[in-house]
Amino acid sequence: MEKKKKIKIASIATAVVAVIVAAVAVISSFNLEIQYSILYSMMPDYVERTVNDDIPIKIYKRKNPDYKYSKETFEENPMNKYEFYYYDDGGNEVVINGGDKLIYEGKDNGAVFVSFIPGAMEKLAGVKKAVQIVSAIIITALIVGLIVLWFFRWSKKQDKEKQDKFKAKNNAKRSKNNK
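Values in this document were obtained by computation on a predicted structure and should not be read as measured data.

The rules we used
- Numbering of residues starts from 1 in each chain and follows the order in which that chain's sequence is written.
- A pLDDT threshold of at least 70 governs which residues receive local features in this predicted model, and a stricter bar of 80 or more applies before side-chain atom pairs are shown or counted, although totals over entire chains, interfaces and linings include all residues.
- For the side-chain quantities, the full set of heavy atoms in the structure was used; hydrogens and water were omitted.
- By this definition, two strands are paired if DSSP reports at least two bridges between them.
- Helix and strand labels come from DSSP, where a helix needs a run of H or I of at least four residues and a strand needs a run of E of at least two; each type is numbered from the N terminus.
- Under this scheme, a helix contributes an axis fitted over its contacting stretch, all axes are lines through C-alpha atoms, and angles between N-to-C directions fall in the 0 to 180 degree range.
- A contact between two residues is defined here by any heavy atoms of the two lying within 4.5 Å.
- The term salt bridge refers to a side-chain nitrogen of Lys or Arg lying within 4 Å of a carboxyl oxygen of Asp or Glu.
- By definition, no residue in a patch forms a salt bridge, and every one has over 30% relative accessible area; like charges are joined within 9 Å, nonpolar side chains (Val, Leu, Ile, Met, Phe, Trp, Tyr) within 5 Å.
- In this description, accessible areas are obtained by the Shrake-Rupley approach with a 1.4 Å probe, and a residue is regarded as covered only by the protein chains that are shown.
- Positive: Lys, Arg. Negative: Asp, Glu. His and the chain ends are not part of the count.
- A single reference atom marks each charge: NZ on Lys, CZ on Arg, CG on Asp, CD on Glu.
- Buried, partly exposed and exposed residues are distinguished by accessible area as a fraction of the type maximum, computed with a 1.4 Å probe on protein chains only: under 20%, between the cut-offs, and over 50%, respectively.
- Identification of polar contacts relies on pairs of N or O atoms within 3.5 Å, with a donor-acceptor requirement for protein atoms, meaning one able to donate a hydrogen and the other able to accept it, and with residues adjacent in sequence counted only if both atoms are side-chain atoms.

Draft legend 1. Local environment of the sheet that holds strand β4 (residues 93–97). Here four strands make up an open sheet; going across it, the order is β1-β2-β3-β4 and the pairing antiparallel. What marks the edges here is a single partner per strand, and that holds for β1 (46–51) and β4. Between one strand axis and the next, the sheet turns through 35° on average, direction left out of account. Two strands pair when backbone bridges link them, and strand β2 (residues 55–63) and strand β3 (residues 82–87) are joined in this way by four bridges, in the antiparallel orientation. Bridging across to β3, Arg-62 finds its partner in Glu-83. Packing of helix α2 (residues 32–42) onto the sheet brings it into contact with β2 and β3, and relative to β2 it is tilted by some 135°.

Draft legend 2. Summary view of the pattern of salt bridges. In total, this model carries two salt bridges according to the counting rule given. For the salt bridge of Glu-83 with Arg-62, the shortest nitrogen-to-oxygen distance reads 2.9 Å. One end of the pair, Glu-83, is in strand β3; the other, Arg-62, is in strand β2, and 21 residues separate them in sequence. Across the salt bridge formed by Glu-93 and Arg-62, the nearest N and O atoms sit 2.8 Å from each other. Here Glu-93 is found in strand β4, whereas its partner Arg-62 is found in strand β2, with 31 residues between them in sequence. Each of Arg-62, Glu-83 and Glu-93 takes part in salt bridges that share partners, so that together they form one network.

Draft legend 3. Main features of a positive patch on the surface. On the surface, Lys-6, Arg-153, Lys-156 and Lys-157 cluster together into a positively charged patch. Mapped onto the elements, Lys-6 comes out in helix α1 (residues 3–28). Overall, Lys-6 belongs to the partly exposed group, its relative accessible area being 34%.

Draft legend 4. Summary view of a negative patch on the surface. A contiguous patch of negative charge on the surface is contributed by Asp-53, Asp-54, Asp-89 and Glu-105. Following the sequence through the fold, Asp-53 ends up in the loop between β1 and β2. Judged by its relative accessible area of 74%, Asp-53 falls in the exposed class.

Draft legend 5. Expanded view of the side chain of Asn-64. By the element assignment, Asn-64 lies in the loop between β2 and α3 (71–76). Under the relative-accessibility criterion, Asn-64 is labelled buried at 11%. A distance of 3.0 Å separates the side chain of Asn-64 from the backbone nitrogen of Asp-66, its partner in a polar contact. Other than its neighbours up to four places away in sequence, Asn-64 contacts Asn-80, Lys-81, Tyr-82, Glu-83 and Asn-97.

Geometric values such as these leave the question of function open.
Written out as structure tokens, the structure reads:
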């Protein structure tokens, strides 16, 4: 294999590894706001929840249009960046700030965003599975590439050894015939 081809293949393998390392570094260094944004994007658009032990309602999510980001407001309650809402029996929209509890007909039904976590975890599991598959494919491709590089190098070495033996044998015959 030519030296230029070896350099190209090594460069490509190095670039792939560098991209993987950079992706892991970026993902692991996300700040809290980005982590909450990712969590929000993984949440389902709505969940069906039973309140007051027997009343089913659909709770929807959306970004809070009145939310103004500042470090203090975010640290105070990061879920206030989002709103959850449902429609009451009269068809009126009832809005709940992201960090607030759902009070339905005077009864406390817990934090609203907790209802969205199982759906987000399902999506996260799917993303995790996809990342594992892609990682396995990339690692397999790198291993196969390295094996191919080794094979070509070994094969070239074997060919050179055979040529050298053949030349030596022919040179020996020529020198014998010339005597």
